Amino acid sequence: MSAHKHIVITGATGLIGKALCRRLMARGDTVTVFTRRPDAARAVLPGATQYIAWDAATGGTWESVLDTADAVVHLAGASIAGRRWTPAYKREILESRTVSTRTLVEAMARASRRPSVFVCASGIDYYGPRGDEPVDENAPPGRNFLAQVCVAWEGEASRAADLGVRTVMMRTGIVLDRHEGALARLLLPFQLFVGGPILPGTQWWSWIHLDDEVGLIMRCIDDERASGPFNGVAPEPQRNRDFSATLGRVLGRPSWLPLPGFVLRLLLGEMAPALLIERQRAIPAKAQALGYPFAYPTLEPALRAALARLP
């Protein structure tokens, strides 16, 4: 492992960004946070070396920081589950990713010394709904909205590779954390004894513990063999009904009350099938080929670890 790098991170105050920054700082790396609100970022995530005001749509004085960066990790983007998918918000989801990535890559092109590696977030939504088909990083893209967002996003990121920057697209699945994300939203109904599968229940959920998501990003920063797309998922995806049963067992709660898909559509609109029903059975083939040692390759220990300090 190589330490003492200078790493620039966008989206550092999000779920993955906070955990990544803390791990990098703990091993001695210099961490620079690019953010729209430096004071707010400093309060949420103390200890970084610099907090630089960053406009994701335009260049500026922040570009000079890239001259000394060894790596750039780009995690910024409007939350997919932030609010109902109106046409305006769908445009924001797309443009917050593509425009910011284009701005970063264009700044790298102008840098006096380019970073060695660029790790850009993406999602397993790239593959679109795939039913029972296992998909590794060689699978073609889907055609639904989120798949096309990922295709456009990765297209902008891949321009860094044309500059000679080793480029990784991290296609992340469901990240297990008790405070944020899908797992946090599932906890309340289970704690109220009304948890259960999301019908049909046979859909695959490709998940990863937060520690492994961060560990895999760090491996991609450090390992010069890592390039192109990586599925940020654990080796054993689960059907939703099995995920729900395991969560109920870990929480000591029943998992018998199914939630019909039409109810989710009424509550959440178009995002419901895309995020909860029409999922992918993704396999981390490239992470396994690199020999990445998953700390949590199976679901029950991952859930127990994620919920260990749950009140």
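See above for the structure.
Below is a short write-up of the structure. The residue numbers shown here count from 1 along each chain, following its written sequence. With the structure being a predicted model, the display of local features is reserved for residues of pLDDT at least 70 and the display and counting of side-chain atom pairs for 80 or more, all residues being used for whole-chain, interface and lining totals. Side-chain metrics in this entry use all non-hydrogen atoms of the structure; hydrogen atoms and water are not considered.

### Structural notes on the overall build of the protein
By definition, any uninterrupted DSSP run of H or I lasting at least four residues is a helix, any uninterrupted run of E lasting at least two residues is a strand, and each is numbered from the N terminus. Across its full length, the protein holds eleven helices and 13 strands. Just to be clear, the radius of gyration here is over C-alpha atoms, and the globule rule we use is 2.2 Å times residues to the power 0.38. Its C-alpha atoms give the protein a radius of gyration of 19 Å, near enough to 19 Å, the size a compact globule of 311 residues would have. Relative accessibility decides the category of a residue: with a 1.4 Å probe and only protein chains considered, values under 20% of the type maximum give buried, values over 50% give exposed, and everything between is partly exposed. Within the protein, the proportion of its 311 residues that are buried is 53%. Here the contacts in the protein between residues at least 6 apart in sequence split such that 77% fall between residues at least 24 apart. Taken as a whole, the protein presents about 13,200 Å² of accessible surface, with 54% of it coming from carbon and sulfur. Neither His nor the chain termini are counted; the positive set is Lys and Arg, and the negative set is Asp and Glu. Taken as the charge centre is NZ of Lys, CZ of Arg, CG of Asp or CD of Glu, depending on the residue. Of note, the protein has its 36 positive side-chain charges centred 4 Å away from the centre of its 30 negative side-chain charges. Residue contacts are counted whenever heavy atoms from the two residues lie within 4.5 Å of one another. Every accessible area reported is derived by Shrake-Rupley at a probe size of 1.4 Å, with residue values counting cover from the shown protein chains alone.

### Thoughts on the pattern of salt bridges
Salt bridge, as used here, is a side-chain nitrogen of Lys or Arg placed within 4 Å of a carboxyl oxygen of Asp or Glu. With the rule as written, the count across this model stands at 16 salt bridges. Taking the shortest distance from any N to any O, the salt bridge between Asp125 and Arg279 comes out at 3.0 Å. Residue Asp125 is located in the loop between strand 5 (117-123) and strand 6 (134-135), and its partner Arg279 is located in the loop between helix 9 (271-277) and strand 13 (281-282); the two are separated by 154 residues in the primary sequence. The pair formed by Asp125 and Arg279 is uniform in burial state, with each residue classed as buried. One network of salt bridges, in which partners are shared, links Arg27, Asp29 and Asp222.

### Some details on unusual backbone geometry
In this structure, Pro200 follows Leu199 across a cis peptide bond, with omega equal to 15°. Within the secondary structure layout, Pro200 lies in the loop between helix 5 (181-191) and strand 9 (204-205). Positive phi outside glycine occurs at Phe193, with the angle close to 65°. Note that Phe193 resides in the loop between helix 5 and strand 9. Take Phe193: its relative accessible area is 44%, and that puts it in the partly exposed class.

### Concerning the packing of aromatic side chains
Each Phe, Tyr or Trp ring (for Trp, its six-membered ring) is paired with any other whose centre lies within 6.5 Å, and the angle between the two planes then decides the class: stacked below 30 degrees, edge-to-face above 60, tilted in between. Taken as a whole, this structure holds seven aromatic pairs when the rule is applied. Plain terms: the ring middles of Trp85 and Phe145 are 5.3 Å apart, the flat faces sit at 70° to each other, and that makes the pair edge-to-face. Within this pair, whereas Trp85 is found in the loop between strand 4 (71-74) and helix 3 (87-110), its partner Phe145 is found in helix 4 (residues 145-162), the two being separated by 60 residues in sequence. The two residues Trp85 and Phe145 agree in class, both being buried. Three or more aromatic residues joined by ring pairs make a cluster, and in this case those are Phe34, Trp54 and Trp62. Each ring is checked for a lysine NZ or an arginine CZ that lies within 6 Å of its centre and within 35 degrees of its normal; such an atom marks a charge sitting over the ring. Above the face of the Tyr126 ring, Arg171 is positioned so that its terminal group lies 3.6 Å from the ring centre.

### Brief notes about the nonpolar core
A general tendency of soluble globular proteins is for nonpolar side chains to be buried together. Counting 59 residues, the largest nonpolar core has Ile9, Leu20, Phe34, Val73 and Phe118 as the members making the most contacts within it. Sorting elements by how many residues they give to this core places helix 6 (residues 210-222) first, with seven residues. Beyond its immediate sequence surroundings of up to four residues, Leu20 is in contact with Ile9, Val73, Leu75, Val214, Ile217 and Met218. By nonpolar core we mean a set of buried residues, namely Ala, Val, Leu, Ile, Met, Phe, Trp, Tyr and Cys, connected to one another through side-chain atoms within 4.5 Å. Listed in part, the 20 residues of the second largest apolar core include Trp207, Val250, Leu251 and Leu276.

### Details of the state of the cysteines
Any two cysteine sulfur atoms lying within 2.5 Å of each other are counted as a disulfide. Inspection of every chain in the model, using the stated rule, returns zero disulfides. Cys120 takes part in no disulfide bond, and the closest cysteine sulfur, belonging to Cys150, lies 9.9 Å away. A residue is classified by how much of its surface remains accessible, and Cys120, at 1% relative accessible area, is buried. Owing to a relative accessible area of 4%, Cys150 belongs among the buried residues under this scheme.

### Observations regarding the sheet that holds strand 4
Taken in spatial order, the seven strands line up as 3-2-1-4-5-7-11 in an open sheet, and their pairing is parallel. The open sheet has two edge strands with one neighbour each: strand 3 (50-53) and strand 11 (228-232). Taking the axes of each pair of neighbouring strands and ignoring which way they run, one obtains an average angle of 20° across the sheet. Paired strands, as defined in this entry, are two strands with at least two bridges between them according to DSSP. Both strand 1 (residues 6-10) and strand 2 (residues 30-35) contribute to a ladder of five bridges, which runs parallel. By the bridge assignment, Ile9 is partnered in strand 2 with Val33. A fitted line through C-alpha atoms represents every axis, and for helices the fit uses only the stretch in contact; the resulting angles, taken between N-to-C directions, go from 0 to 180 degrees. On top of the sheet, helix 3 reaches strand 1, strand 2, strand 4 and strand 5; it is set at about 170° to strand 4, its chief contact. Across the sheet, helix 4 touches strand 4, strand 5 and strand 7 (166-172), and the angle it forms with strand 5 is around 175°.

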